[in-house]
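Each chain, written out:
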Amino acid sequence: MTYDKWYKLNKNGLKCNPKSQKFSFADFIENGFENKEVKRFKRGEVYFGKIHKKSKKRPFLIYQNDFLNEACIKGEYNSVLVLPLSGNIVETNLRVLISKRDNLTKDSQIVCNALGIIGIERLIFNELVTTLTQEELNEVDNKTKEIIYGKSDFRYSD
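Everything numeric here is computed off the predicted structure, so don't read it as measured data.

Reading the values: the criteria
- Residues numbered from 1 in each chain as written.
- Predicted model: local features only at pLDDT ≥ 70, side-chain atom pairs only at ≥ 80, totals over all residues.
- Heavy atoms only, no water.
- Buried < 20%, exposed > 50% of the residue type's maximum accessible area, 1.4 Å probe, protein only.
- Helix = DSSP H or I, 4+ residues; strand = E, 2+ residues; numbered from the N terminus.
- Polar contact = N/O pair within 3.5 Å; in protein donor to acceptor, adjacent residues only side chain to side chain.
- Salt bridge = Lys/Arg side-chain N within 4 Å of Asp/Glu carboxyl O.

Visitor: Tell me what's going on with helix 3 (residues 66–73), and back it up with residues and numbers.
Guide: Among all positions of helix 3, only Leu68, Asn69, Glu70, Ala71 and Cys72 are buried. For helix 3, the capping residue at the N-terminal end is asparagine 65, with a side-chain oxygen 2.9 Å from the backbone nitrogen of phenylalanine 67. With its phi angle positive at about 80°, glycine 75 sits one or two positions after the end of helix 3.

As structure tokens, then:
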């Protein structure tokens, strides 16, 4: 499917602005974009971002599909579905470990149970931190599905 076909099917859904988008837009009106240019970005890439203006910079995995990314680049949408990374390594089934590489300065875990959206202006696109391998992205997909839907062989008991 091309972006144009996808956009035609989904453009009304892009006009539905969650509160976080409204906050992002209001923040933009008040403070302007920190990043003047939104460069092309893809699912599976990791960039630094800030949840709030005063928060520390941290890495985020771009987790939404590339059609939504294209809509962001074209200014038709202004939120990005992300998963944060943490350098605090803990033993859990809710995270995926990725090794230090590229501009990722230490081993980190993708926090799969912290799926969220941030405004496009909160991402810092001047430096790609790293890109996940297809194998790593598949592991994140499987872990996220497990968190959302549960294991198929798992049953709750009283």
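There's plenty left to go through after this.
Visitor: Which residues make up the pattern of salt bridges, and what are the values?
Guide: As a working rule, side chains carrying opposite charge can pair if their charged atoms are close by. Counting across every chain of the model gives 4 salt bridges. Note that glutamate 70 and arginine 40 form a salt bridge whose closest N and O atoms lie 2.4 Å from each other. Residue glutamate 70 is located in helix 3, and its partner arginine 40 is located in the loop between helix 2 (19–31) and strand 1 (45–49); the two are separated by 30 residues in the primary sequence. Residues arginine 101 and glutamate 136 are paired through a salt bridge, measuring 2.7 Å at the closest nitrogen-oxygen approach. Of this pair, arginine 101 sits in the loop between strand 4 (95–98) and strand 5 (108–111) while glutamate 136 sits in helix 4 (residues 134–149), and the two are 35 residues apart along the sequence. According to the relative accessible area criterion, arginine 101 is partly exposed, its value standing at 21%. Connected through salt bridges with shared partners, the residues Arg40, Glu70 and Lys74 form a single ionic network.

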